[in-house]
Amino acid sequence: MRRIVGTAFSTLDGVIQGPGGPSEDTTGGFRFSGWLPPVGDEAINEKIGELFGRPFDLLLGRRTYDIFAGYWPYAPDEMADIRDPFNACTKYVLTHSDQPLEWENSQRVDIETLRKVKQGDGPDLVIQGSSTVYPQLLEAGLLDELTLMISPVVLGQGKRLFGDGTPPRTLKMTSHKVSDAGTIIATYQPAGPIEIGTYVTTAPSEREEERQAAMAEGSW
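Conventions and cut-offs
- Residues numbered from 1 in each chain as written.
- Predicted model: local features only at pLDDT ≥ 70, side-chain atom pairs only at ≥ 80, totals over all residues.
- Heavy atoms only, no water.
- Helix = DSSP H or I, 4+ residues; strand = E, 2+ residues; numbered from the N terminus.
- Buried < 20%, exposed > 50% of the residue type's maximum accessible area, 1.4 Å probe, protein only.
- Contact = heavy atoms within 4.5 Å.
- Areas by Shrake-Rupley, 256 points an atom, 1.4 Å probe, with all protein chains shown as cover.
- Lys, Arg positive; Asp, Glu negative; His and termini not counted.
- Charge placed at Lys NZ, Arg CZ, Asp CG, Glu CD.
- Salt bridge = Lys/Arg side-chain N within 4 Å of Asp/Glu carboxyl O.
- Pairing = 2+ DSSP bridges.
- Axes fitted to C-alpha atoms, helices over the stretch in contact; angles between N-to-C directions.
- Phe/Tyr/Trp six-rings, centres within 6.5 Å; stacked < 30°, edge-to-face > 60°.
- Lys NZ or Arg CZ within 6 Å of the ring centre and 35° of its normal.

**Q** I'd like to hear about the overall build of the protein, residue by residue, with values.
**A** Regarding its fold elements, the protein presents 6 helices and 8 strands. Its helices and strands in sequence order give the protein the pattern β-α-β-α-α-β-β-α-β-α-β-β-β-α, from N to C terminus. In the protein, buried positions account for 42% of the 220 residues. For the protein, restricting intrachain contacts to residue pairs at least 6 apart in sequence, the fraction spanning at least 24 positions comes to 67%. Here the protein has roughly 12500 Å² of accessible surface; of this, 52% comes from carbon and sulfur atoms. One way to put it: in the protein the 20 positive side-chain charges average out to a point 3 Å from where the 31 negative ones average out.

Structure below.
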């Protein structure tokens, strides 16, 4: 069975939009497309080399696919170490759009088709960007691993890795590294549903009961 491995460049406040350059993704009035190059470091380069230095296919959302398809087939020779494997691998695109997928070796999939792909033989399916795919993968139980490359930057706006519609889940950390520049490379695996607990072991005070009543009626 194949693994589905998520990877994302993220800020401390969870923004993954447009890390690579000023024209990458300015949708929604995003003003910080290209935030990663000034803060990227060797720890990120090493992780990317590890992820793409072995056989892989790509799993992408439609917008990330469009970004990649507009760049990688035309990338210069100095980017050949990534360009050539990206062009050669199979690109699975999780999308409801019927627009043509013109980049070579591209296939449109839905969740059930992806489930069948995952059950077959082949290399890992690696996600880049593509925030819209994570809620679907978590809900379907298809995500095997997630690596975040978190830079010491706060943007306050932009698309988050886990946006609206993300099902509640816990994850367990399987490895981590902190670079001298402050980049956090952390890898997680899904670990099941959310459990609810409490640190409070005594009955609520009268004041606390009043606060809870106000919270319930929406006036707190």
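After presenting the structure, the write-up continues.
**Q** An account of the pattern of salt bridges is requested, with residue identities and associated values reported.
**A** By the definition in use, this model includes 13 salt bridges. Linking lysine 47 and glutamate 50 is a salt bridge whose minimum nitrogen-to-oxygen distance equals 3.1 Å. Residue lysine 47 and its partner glutamate 50 are located together in helix H1 (residues 42-52), separated by 3 residues, close to a single helical turn. The closest approach of N and O atoms between aspartate 84 and arginine 83, which form a salt bridge, is 2.8 Å. According to the relative accessible area criterion, arginine 83 is buried, its value standing at 14%.

**Q** Tell me what's going on with the sheet that holds strand S1 (residues 4-11), and back it up with residues and numbers.
**A** Here we have 8 strands laid out as an open sheet, ordered S4-S3-S2-S5-S1-S6-S8-S7, and mixed in their pairing. This sheet does not close on itself; its edge strands, each paired only once, are strand S4 (106-109) and strand S7 (170-178). The average undirected angle you get between the axes of adjacent strands in this sheet is 25°. Where strand S3 (residues 91-94) lies against S4, 4 bridges are found, and the strand directions are parallel.

**Q** Report on the environment of leucine 125, specifying residues and quantitative values.
**A** With respect to the secondary-structure elements, leucine 125 resides in strand S5 (residues 124-128). Sequence spacing of leucine 125 and phenylalanine 56 is 69 residues, and the spatial spacing of their C-alpha atoms is 5.9 Å. What leucine 125 contacts, discounting residues up to four positions off in sequence, is Arg2, Arg3, Ile4, Val5, Asp57, Leu59, Tyr92, Leu114 and Val117.

**Q** How would you sum up unusual backbone geometry? Please name residues and give values.
**A** Within the chain, asparagine 105 stands out as a residue other than glycine whose phi angle is a positive 65°. In this fold, asparagine 105 is placed in the loop between S3 and S4. The backbone of serine 130 sits at a positive phi, close to 60°, despite the residue not being glycine. Among the secondary structure elements, serine 130 is positioned in the loop between S5 and helix H5 (133-140). A relative accessible area of 5% places serine 130 in the buried class.

**Q** Go over the packing of aromatic side chains, please, and point to the residues and values.
**A** This structure, assessed with the given rule, holds 9 aromatic pairs. When the centroid spacing of 4.8 Å and the interplanar angle of 70° are considered together, the rings of phenylalanine 52 and phenylalanine 56 count as edge-to-face. Residues phenylalanine 52 and phenylalanine 56 agree in their burial class; the two are buried. Between the aromatic rings of tyrosine 65 and tryptophan 103, the centroid separation amounts to 5.9 Å while the plane-to-plane angle is 45°, which identifies the pairing as tilted. Here tyrosine 65, found in helix H2 (residues 62-69), pairs with tryptophan 103, found in the loop between S3 and S4; they are 38 residues apart in sequence, far enough to count as distant. Residue tyrosine 65 is classed as buried on the basis of its relative accessible area, which comes to 2%. Classification of tryptophan 103 by relative accessible area gives buried; the value is 6%. Among the aromatic side chains, those forming a connected cluster through ring pairs are Phe52, Phe56, Phe68, Tyr71, Trp72 and Phe86. Across the ring face of tryptophan 103, the terminal group of lysine 91 is positioned such that the distance to the ring centre comes to 4.4 Å. One Lys or Arg, arginine 211, reaches over the ring of tryptophan 220 and ends 4.8 Å from the middle of that ring.

Structural measurements only, silent on function.
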